[in-house]
Amino acid sequence: MKVNKAIFPVAGLGTRFLPATKAQPKEMLPVVDKPLIQYAVEEAYAAGVREMIFVTGRHKRPIEDHFDMTFELEVALEQAKKQELLEVVRSVKPEDMECIYVRQAQALGLGHAVLCGQRLVGNEPFAVLLADDLMVHDKPILKQMVEQFAEWRASIIAVQEVPAEHTRRYGIVAGSEVNERLVDVNRIVEKPAPEVAPSRLGVAGRYILTPGVFHEIATQPRGVGGEIQLTDGIASLLRREKVFAYRYEGRRYDCGSKEGFLEANVELALAHPQLGPGFRAYLKTLEL
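The model shown is predicted, which means the values in this text are computed figures rather than measured ones.

Novice: What am I meant to see in the overall build of the protein chain here?
Specialist: The helix and strand inventory of the protein chain stands at 11 helices and 13 strands. Taking 2.2 N^0.38 as the reference for a compact globule, 288 residues should give roughly 19 Å; the C-alpha atoms of the protein chain span a radius of gyration of 19 Å, in line with that estimate. Its C-alpha atoms give the protein chain principal-axis dimensions of roughly 60 × 50 × 40 Å. Per-residue burial for the protein chain yields a buried fraction of 48% across its 288 residues. Counting contacts in the protein chain only where the partners sit at least 6 residues apart, residues at least 24 apart contribute 74% of the total.

Novice: Got a minute to help me understand helix 9 (residues 230-237) in this structure?
Specialist: A turn of α-helix holds 3.6 residues, and therefore any two residues three or four places apart point the same way. With six of eight residues buried, helix 9 is to be regarded as a mostly interior element. Within the sequence span of helix 9, burial applies to Leu-230, Thr-231, Gly-233, Ile-234, Ser-236 and Leu-237.

Novice: Looking at this structure, I do not really get the pattern of salt bridges. What am I missing?
Specialist: A side chain of one charge can pair with a side chain of the opposite charge when the charged atoms of the two come close. Overall, the coordinates contain 18 salt bridges when judged by the stated rule. Note that Glu-51 is salt-bridged to Lys-5, the shortest N-O span being 3.8 Å. One end of the pair, Glu-51, is in strand 4 (residues 51-56); the other, Lys-5, is in strand 1 (residues 5-9), and 46 residues separate them in sequence. Lys-5 carries the same exposure label as Glu-51, and that label is buried. Residues joined by salt bridges that share partners form a network here, namely Lys-5, Glu-51 and Glu-124.

Novice: Looking at this structure, how should I read helix 7 (residues 141-152)?
Specialist: Its 12 residues place the ends of helix 7 17 Å apart at the C-alpha level, agreeing with the 16 Å of an ideal helix rising 1.5 Å per residue. Burial in helix 7 covers these residues: Ile-141, Leu-142, Gln-144, Met-145, Val-146, Gln-148 and Phe-149.

Novice: Can you help me understand the packing of helix 10 (residues 258-271) against helix 11 (residues 276-285) in this one?
Specialist: Running from N to C, helix 10 and helix 11 point in directions that differ by 125°, and their axes come no closer than 6 Å. Considering the angle they form, helix 10 stands oblique to helix 11. The residues of helix 11 that touch helix 10, namely those facing Val-266, Ala-269 and Leu-270, are Gly-276, Phe-279, Arg-280 and Leu-283. Of the residues that constitute the contact of helix 10 with helix 11, the class distribution is five nonpolar, one polar and one charged.

Novice: Would you mind going over the side chain of Ser-236 with me for this structure?
Specialist: With respect to the helices and strands, the residue Ser-236 is situated in helix 9. For Ser-236, a relative accessible area of 5% corresponds to the buried category. Side-chain polar atoms of Ser-236 contact the side chain of Arg-239, separated by 2.7 Å. Those residues within four positions of Ser-236 in sequence are excluded, and the remaining contacts are Glu-216 and Gln-220.

Criteria and thresholds
Residues numbered from 1 in each chain as written. Predicted model: local features only at pLDDT ≥ 70, side-chain atom pairs only at ≥ 80, totals over all residues. Heavy atoms only, no water. Helix = DSSP H or I, 4+ residues; strand = E, 2+ residues; numbered from the N terminus. Rg over C-alpha atoms; globule rule 2.2 N^0.38 Å. Buried < 20%, exposed > 50% of the residue type's maximum accessible area, 1.4 Å probe, protein only. Contact = heavy atoms within 4.5 Å. Salt bridge = Lys/Arg side-chain N within 4 Å of Asp/Glu carboxyl O. Expected span 1.5 Å × (residues − 1). Axes fitted to C-alpha atoms, helices over the stretch in contact; angles between N-to-C directions. Parallel < 35°, antiparallel > 145°, perpendicular 65-115°, else oblique. Nonpolar A, V, L, I, M, F, W, Y, C, P; charged D, E, K, R; others polar. Polar contact = N/O pair within 3.5 Å; in protein donor to acceptor, adjacent residues only side chain to side chain.

Below you can see the structure in the form of structure tokens.
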């Protein structure tokens, strides 16, 4: 029951960031000194995941290149005796980490993207990480969830309290409190209007799911937006299995929006051990 595989749905077009994403994947946009997708992969690796499954689309080749060996660059750094930079480059993909790529031919929704990884996942529990949600804590959020999964042996969904007026942006869950961080889910709804939302617990971009969810996704009709929704698959899974919602510890940046992306860059730059002090001093000089 160890969580050794993770799916990263990265086939989206990133239209909210045009023209920056016209020729590069939104997942490769840098936050300080690393692309968004690397933060998600590092979080999964820290949680014990070693098999990274990227569900890609057209124009996503830079993601593959990023996690591939760059022979010429490594040789150049080695010859220049730039050992520190060489270690940075090599750390992007540790030797015990495997990267696998599968195409999502049509953008039919998050549920469909997850379904594209079914053959690679097999009959194992697996994680799903959305790179748009950059999530930060001393103990990585997925690691927190893996610990919960080890105890409960059931699907775990990361959630956070959201303002009532924002329920249309999230999958919303409701259920009975198990403890201060865990909810035994009995209902999950995709992007409900505030007046019909069952709670204000919004799903964040981290999941640990049992393989039973694949059958539920595959048998779902198209949902909100005419897409195959992961939320609908999880709602159907509730009839057969326990699903828990986990109030994670940490900070989430919605890097699918320009505002969240800028917030992440500023706050992570301030927290950066080398850049932070100088950047903080610079900000103090601005007339805000």
